[in-house]
Amino acid sequence: MSAQQQQQQQQQHHHQQQQQSGGERREGGARDGEQKDKKRKESILDLSKYLDKAIRVKFSGGREASGILKGFDQLLNLVLDNTIEYLRDPDDPYKLTEDTKERGLVVCRGTAVVLICPMDGCEAIANPFIQQDT
């Protein structure tokens, strides 16, 4: 086998390996076709209807804050503006006091978020567990 034939065979083998592993690497580490085939993971909650609206957030550990929702991602990391933290009672960390603290622009880690609710109230829905007589 000539040197040129060996080189062609190596190139073909290398090309086959790249196709099997998902393609060539591009800048930024993305693989060829990976973005097309890979579906974006969607969040459990659709918070887009609350963008630029006031929400209240409760965190594990007892902290609470409210602010204007400016952004979020599928991991429920939140960006809040004009954030106010509701301070807790030093004797009982799960009891809130009347004291608040201005925090401004805040990034909230999604793994700590326990509850998200709109400040302007909630929407009433029919109870799906009550059987109606017809």
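Residues numbered from 1 in each chain as written. Predicted model: local features only at pLDDT ≥ 70, side-chain atom pairs only at ≥ 80, totals over all residues. Heavy atoms only, no water.

Labelled according to an unreviewed UniProt entry, the protein chain appears under the name U6 snRNA-associated Sm-like protein LSm7, originating from Scylla paramamosain. What the UniProt record of the protein chain gives under Sequence similarities (unreviewed entry) is the line "Belongs to the snRNP Sm proteins family." (UniProt positions renumbered as here; feature names shortened; annotations may be inferred.)

How would you sum up the overall build of the protein chain? Please name residues and give values.
When you go through the protein chain residue by residue, the secondary structure sums to two helices and five strands. In the protein chain, the order of α-helices and β-strands from amino to carboxyl end is α-α-β-β-β-β-β. Taking all 134 residues of the protein chain together, the buried fraction comes to 19%. (Helix = DSSP H or I, 4+ residues; strand = E, 2+ residues; numbered from the N terminus. Buried < 20%, exposed > 50% of the residue type's maximum accessible area, 1.4 Å probe, protein only.)

Any chance you could break down the pattern of salt bridges for me, citing the residues and the numbers?
Under the counting rule described, the total for this entry stands at five salt bridges. For K70, the salt bridge is made with D52, and the minimal N-O distance between the two is 3.1 Å. Of this pair, K70 sits in strand β2 (residues 64-72) while D52 sits in the loop between α2 (34-37) and β1 (54-59), and the two are 18 residues apart along the sequence. Of the charged contacts in the structure, one is a salt bridge between E85 and R103, with a shortest N-O distance of 2.8 Å. Of the two residues, E85 sits in strand β3 (residues 78-88) while R103 sits in strand β4 (residues 96-108), which places them 18 residues apart along the sequence. Given the relative accessible area of 10%, E85 is considered buried. (Salt bridge = Lys/Arg side-chain N within 4 Å of Asp/Glu carboxyl O.)

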